Amino acid sequence: MSWYYIEGILIQSCYTLLIVLGLSILTGYTGMFSFGHAGFVCIGGYVSVICTMAFDLPYAVGLLAGGLVSMILGAGLGRITLRLKGDYFCIATLGVGEAIRLIFNNLQLNWSINGKNFMLDGAKGIASVPLKTTFGISLVIVVIFVIATSFLVNSKHGRCMLAIRENELAAQMSGINTFSYKMLAMCMSALYAGIAGGMLAHYFGYLQPKMFMMTKSTEYTIMVIFGGMGSITGSVVGTVLLCALPELLRAVGDWRLVFYGLAVIVIMIVRPMGLMGGKELRIGYYVNRLTRKLLKKSDPLPGGDEEEEAQ
Amino acid sequence: MGIGYYLQQLVNGICLGGMYALMSVGYSLVYSIMNFSNFAHGGVIMVGAYVGYYALTALGCPFLIAFLLCGVGSGLLAIVIERLVYNPLRKRHAPSLYFIISAMGASIFLENFVIASIDGTPRNYPAVFANSISIGGLSLGIDSLLMIIVSAAALLILMFIIQKTKIGLAIRACSYNERASTLMGVNGDLVIFTVFLMGGILAGFAGILYGMRFIVKPTIGQVTNKSFVAAVFGGLGSLPGAILGSLLLGIMEIFVASWNSTLRDLFVYALLILVLVVKPSGLMGKVTEDKA
């Protein structure tokens, strides 16, 4: 196994993690299921590629533009679908995700800007996208977003989202504006997916609508469930495991996705709360315990205990 | 392009709509009782199409036997899925979203199981009914004629079972309020068993009809998703709605395709979004209240 191969898996894990983090806000914290997130990734990817290739904008600007356009679309979608109950919201996201893919499947663009030719050819997509996503850049982006997300979910806003997930009616009765918090979750997750789409496009070097089939959206949702709803570290662990799993199972060839489907069914039956079961893995806690053990303090300070409780 | 052209398209549309109807009643039946969208249904239809293919080619069965085998195969598969995948969740009273995720898992499993054990290449059915007859300038393939007749007959039998038999009464009661009807002595397990069996048998019929007219391949999901859209369009949980929605969707899809064939899929999903925005309960669906 060469470093090149491992680096590829790591970059894929990074941008997938970004999508899953966004979806975690929507699904894990606010309790709304989306089967159309591949559509947002698709939009983000195309917009960022158009920015970098057609308008010669820098990579960072392309990513941001992709994220923003996807967020605006998410806000628009939220405006019309967030009032739908239960299953209907998830059916609507399914429809929108497929519709976005099919629009790009039919879109033909042929621009010449400053003497440069830019071709977007329907199902053939865009070829020779500059390869700008390196492991370093993706790691930095993902770490920033993990920290930002953990700040968000531990704030008052995050608590309001949790309240909506647990019982929407009760949350409304307690004075939480459920619509605006659902909208916030929708926008955040679309933003994350859009940025990740830009990273994906500049990693693969080409874009085709068939990269964003509905099964992709399902995979992202499965990663959130697998890691555990309502847990950031759960999403991280779930994503890295599920990104690496197909690579580890390459030996069994076509059967890997069979095991994948089977694993989803078994998890739903045996451990529906996911790997982490809504709990966070706190590095600080384990470091504390480890140092205490190393220093052989048999009775911990009362202050230390309280700190642990608070966590 | 006279009136004959449009009539021809209309017949094609009814043909496609009839096939959608066979598929979409499966989604609607399960939704009416268990309140979740059974995405594993697409996999059941696909397996039905494969059963038909092997019955016709490897076993060399006559069409009628192959047709019945498809129903039996898909019906059994639907029951097995219910027993192994949904039953444990049902016993735990899991929220409907877990059912959807499990259904997605089952659909991934079925699709890739067929890819791994057979292969992913599309296959053509042997030509069973190659002839076509012409009625008043309309050219009608025997297969399309058969498709319309079989769909209509199967759906009529289904409606008869739902409306006139005792188990049909139980199904209607459960779709109204499952908890209350089980308290009144309705056997909930039997109702769910019947619903999955009937949905599965119709899925098998739809599978062989689809394979006969088009091709069989493991990623048939594009078509089954459209039949799901038809079920939403007609109103999830309503059988007449599913049939009406399927027919309308089939006809509209064929007319859009005859105008611009690349837009047909996009049209279907745009219609889905429009329906959800304007009237989420669909054409004939019951309006769900927000129960706390």
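Preceding this section is the structure that the text describes.
Bear in mind the structure is a predicted one, so any value in this text is a computation, not a measurement.

A. Structural detail: the overall build of chain A. A tally of helices and strands in chain A yields 13 helices and 2 strands. Here chain A holds 311 residues, and the buried ones make up 52% of them. When contacts within chain A are restricted to residue pairs at least 6 apart in sequence, those whose partners lie at least 24 apart make up 77%. Summed over its atoms, the accessible surface of chain A is roughly 14,200 Å², and 66% of this surface lies on carbon and sulfur atoms.

B. Main features of the nonpolar core. If you look at the biggest cluster of nonpolar residues, it comprises 189 residues, and the most contacted ones within it are A:Leu18, A:Ile126, A:Leu207, B:Met34 and B:Tyr86. The dominant element in this core, judged by the number of residues it contributes, is helix H8 (residues 178-204) of chain A, at 16 residues. Sequence-distant contacts of A:Leu18, that is, excluding residues within four places in its chain, are made with A:Ile141, A:Val142, A:Phe145, A:Tyr192, A:Ile195, A:Ala196 and A:Met199.

C. View of the packing of aromatic side chains. All names here are of chain A. One pass over the structure, following the stated rule, counts 22 aromatic pairs over all chains. Arranged with centres 4.9 Å apart and planes meeting at 75°, the rings of Phe145 and Tyr192 form a pair that is edge-to-face. Taken together, the residues Phe145 in helix H5 (residues 135-153) and Tyr192 in helix H8 connect sequence positions 47 residues apart. Residue Tyr192 is classed as buried on the basis of its relative accessible area of 2%. Three or more aromatic residues link up through ring pairs in this structure, and these residues are Tyr15, Tyr203, Phe204 and Tyr206.

What counts, and at which threshold
Residues numbered from 1 in each chain as written. Chains lettered and ligands numbered in written order. Predicted model: local features only at pLDDT ≥ 70, side-chain atom pairs only at ≥ 80, totals over all residues. Heavy atoms only, no water. Helix = DSSP H or I, 4+ residues; strand = E, 2+ residues; numbered from the N terminus. Buried < 20%, exposed > 50% of the residue type's maximum accessible area, 1.4 Å probe, protein only. Contact = heavy atoms within 4.5 Å. Areas by Shrake-Rupley, 256 points an atom, 1.4 Å probe, with all protein chains shown as cover. Core = buried A, V, L, I, M, F, W, Y, C linked by side-chain atoms within 4.5 Å. Phe/Tyr/Trp six-rings, centres within 6.5 Å; stacked < 30°, edge-to-face > 60°.

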